[in-house]
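Summary of structural features
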Protein chains: 2
Amino acid sequence: MDSRNGSVSETPLDAEIESFFDSAPPLKDSAGIIKKLKEFIEYNSTPPRKGSPRRVVCVTSGGTTVPLEQRCVRYIDNFSSGHRGATSTEYFIKAGYAVIFLYRRGTFQPYCQSLPEDPLLECFECSEDSTIQVRQPHTEAVKRAVSDHHAAIAGGHLLKLPFTTIFEYLQILQSIAMSMKDLGSLAVFYLAAAVSDFYVPWKSMAEHKIQSASGPLDMRLVQVPKMLSALKKEWAPMAFCISFKLETDSKILLEKAEMALKKYRMHMVVANELSTRKEEVTVVTGNEKILVCRDKTQADSDVEEPLIELIVGRHSAYVKDSDL
Amino acid sequence: MDSRNGSVSETPLDAEIESFFDSAPPLKDSAGIIKKLKEFIEYNSTPPRKGSPRRVVCVTSGGTTVPLEQRCVRYIDNFSSGHRGATSTEYFIKAGYAVIFLYRRGTFQPYCQSLPEDPLLECFECSEDSTIQVRQPHTEAVKRAVSDHHAAIAGGHLLKLPFTTIFEYLQILQSIAMSMKDLGSLAVFYLAAAVSDFYVPWKSMAEHKIQSASGPLDMRLVQVPKMLSALKKEWAPMAFCISFKLETDSKILLEKAEMALKKYRMHMVVANELSTRKEEVTVVTGNEKILVCRDKTQADSDVEEPLIELIVGRHSAYVKDSDL
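Now for a quick tour of the structure. All figures in this text were calculated on a predicted structure; none of them were measured in a lab.

It is worth spelling out the interface of chain A and chain B at this point. Counting residues at the interface gives 57 residues for chain A, matched by 57 residues for chain B. When the two sides are added together, the surface that chain A and chain B hide from each other amounts to roughly 5,600 Å², 59% of it contributed by carbon and sulfur. The partner of Asp197 of chain B in a salt bridge is Arg74 of chain A, with the nearest N and O atoms 2.6 Å apart. Linking chain A with chain B are six residue pairs in polar contact (both at pLDDT 80 or more).

What follows is the structure, encoded as structure tokens:
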């Protein structure tokens, strides 16, 4: 069957995935990452004397890059500030989850969204006795960033893993999923990263910088295999899975979200339109379309607060059902 | 004549440039940028009671992006950390120049290169009485970043202008060049930014996100017109101009640098090879090839110190010659 019409083709997909991973450049410090994951999951899934083990969510955030040259000078990038993933991480931690935050280097970090673009140069000043001080009006934002972020890391509830390329992203995601497999229904994937649909296979890539002297540049990019299928079928089949669909054209958005829900057997798909994504999203499930809006009566409210509340509720029901 | 063989074609280039600017999306706050430039140049070019006017250098830094969609989700990016531009800016200011720093958002800033990737979260801690303090061993690096950066801005010797896309970069560069025209030979262009060679003309660009369902993605990118020619011929013909050539293949590097020197009538071309660019560069002039290396007997030395020293010397000679 042709994957273009929305149905899942079995063998070709597995072969595509295998070939993607086989041809990817090896992940740096893969053993170190797996060790960190193991310790983090072990720590959080060991129940305290009274109580139950902590649920673990993998939040992916920011966009992936696709290198166009092996010694990478040029690459295709997917735009994403990482705001959604960073804010959602805070609400998941507040709701008692442990978070594995798989983020694009340089994107927004949890607890840091209200800071200006270049916090060090904009939020600090050197006083006359040459000590470094926080400038008004940034005092509260800086305090929150430094202390809440530190508390989450020191408490063992936040593990941050950075990526840049699509190769790194998918390799680390696979390691995370396989490490979370034994958590069964307590595991959640909240896949907010903007992942490239197209890539240039590593082996067919130019080794050196593409030369500009010879007229226009024609490029052929091939589709990235749909890893969500592998995640659901093999890597962590019991996990509760939420994926995202971003479109700039609202006319096709819900249709594409429903298609993704069925095709990849997600529990929820969060449909965003680029221009309104900070105000509202539509959560598509098997039998519902739920519009989630930020509380417009509050100036500093966000759409992530009601969104994570909804997800935590649905995940709780899923965990309960799985226990029966 | 064909521009592919290294010679300059007259009319077609002008037409290409005109069409590039005509089709570019309008620059945001263009009037505000021009006002800032005017004030900065006026302030620095007014000689103090005793002494001569300050020389002004435009340092470009970081890579440009090429949007692939009008409502931009995907784009092609040119890799550049901005390290060269940021470090060079410090040495130019130290040598008495005023610097217009045209930089890619998110890249390295002057006086900040020895800080870790995420300075706010890594360099600060919240003490028990809940004040924010700098953590060891970052005290000196943070102090330097905050105080030297502040001194350069407050002293009126550093003007920072950010860009993201190739459209923004070239539009702002044109405004800078035209504002600096009257400085004559006192003006310097130090073009260290990694500028895209290819782009998708705004009007032929997809309005919405490119859909991935229909197989591989074929793209045709056209060459960005060679703006260095326009800079030298029209925008600021008397300015002292240094451009950069980066290659991953050392075999073609010097040849390409010499070609650029002649084609765009630069005063100097700095030839970098990607893997050794922090250790050494070769400066190509009309009759010399000068190897510039960092002082390897010092652990924290950099190649920008001798490079800017060389450039300042050559620029001084050029100013003197122009006065004759």
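Picking up after the structure, the text goes on.
Aligned on chain B, chain A shows an RMSD of 0.0 Å; the corresponding rotation is 180° and the shift along the axis is 0.0 Å. Considering both components of the superposition, the chain copies are consistent with a two-fold axis. No C-alpha of chain A lies nearer the rotation axis than that of Ile76 of chain A, which sits 2.1 Å from it. Mapped onto chain B, 100% of the interface residues of chain A are again interface residues, and the two copies thus contact each other with one and the same surface.

In this structure the tally under the stated criterion is 23 aromatic pairs over all chains. Relative to Phe21 of chain A, the ring of Phe20 of chain A has its centre 5.6 Å away and its plane inclined at 85°; by these criteria the two rings are edge-to-face. Ring geometry for Tyr190 of chain B against Phe244 of chain B: centres 5.0 Å apart, planes inclined by 80°, an arrangement best described as edge-to-face. Of this pair, Tyr190 of chain B sits in strand E8 (residues 187–191) while Phe244 of chain B sits in strand E11 (residues 240–247), and the two are 54 residues apart along the sequence. The rings of Phe20, Phe21, Phe167, Tyr199 and Trp235 of chain A are connected pair by pair, giving a single aromatic cluster. Lying over the aromatic face of Tyr103 of chain A, Lys160 of chain A brings its terminal NZ or CZ to 5.7 Å of the ring centre.

All names here are of chain B. Within the fold, Thr87 resides in helix H3 (residues 83–94). Here Thr87 falls in the buried class, since its relative accessible area comes to 4%. A polar atom in the side chain of Thr87 sits 2.8 Å from the backbone oxygen of His83. Residues contacting Thr87, with those up to four places away along its chain left out, are Gln113, Asp302 and Glu304.

What follows covers the sheet that holds strand E7 (residues 158–163) of chain A. Residue and element names in this part refer to chain A. If you walk across this open sheet you meet the eight strands as E7-E4-E1-E8-E11-E12-E13-E14, and the pairing is mixed. Edge strands, defined here as strands with exactly one partner in the open sheet, are E7 and strand E14 (289–293). Pairs of neighbouring strands in the sheet enclose a mean axial angle of 20°, with direction left out of account. The sheet strands contacting helix H8 (residues 250–263) are strand E11 (240–247), strand E12 (268–273), strand E13 (280–284) and E14, and the helix crosses E12 at an angle near 165°. Sitting on the sheet, helix H9 (residues 304–323) touches strand E8 (187–191), E11, E12, E13 and E14, and the angle it makes with E14 is about 140°.

Cut-offs used in this document
Residues numbered from 1 in each chain as written. Chains lettered and ligands numbered in written order. Predicted model: local features only at pLDDT ≥ 70, side-chain atom pairs only at ≥ 80, totals over all residues. Heavy atoms only, no water. Contact = heavy atoms within 4.5 Å. Buried area = accessible area lost by both parts, 1.4 Å probe. Salt bridge = Lys/Arg side-chain N within 4 Å of Asp/Glu carboxyl O. Polar contact = N/O pair within 3.5 Å; in protein donor to acceptor, adjacent residues only side chain to side chain. Least-squares fit on C-alpha atoms with pLDDT ≥ 70 in both. Phe/Tyr/Trp six-rings, centres within 6.5 Å; stacked < 30°, edge-to-face > 60°. Helix = DSSP H or I, 4+ residues; strand = E, 2+ residues; numbered from the N terminus. Lys NZ or Arg CZ within 6 Å of the ring centre and 35° of its normal. Buried < 20%, exposed > 50% of the residue type's maximum accessible area, 1.4 Å probe, protein only. Pairing = 2+ DSSP bridges. Axes fitted to C-alpha atoms, helices over the stretch in contact; angles between N-to-C directions.

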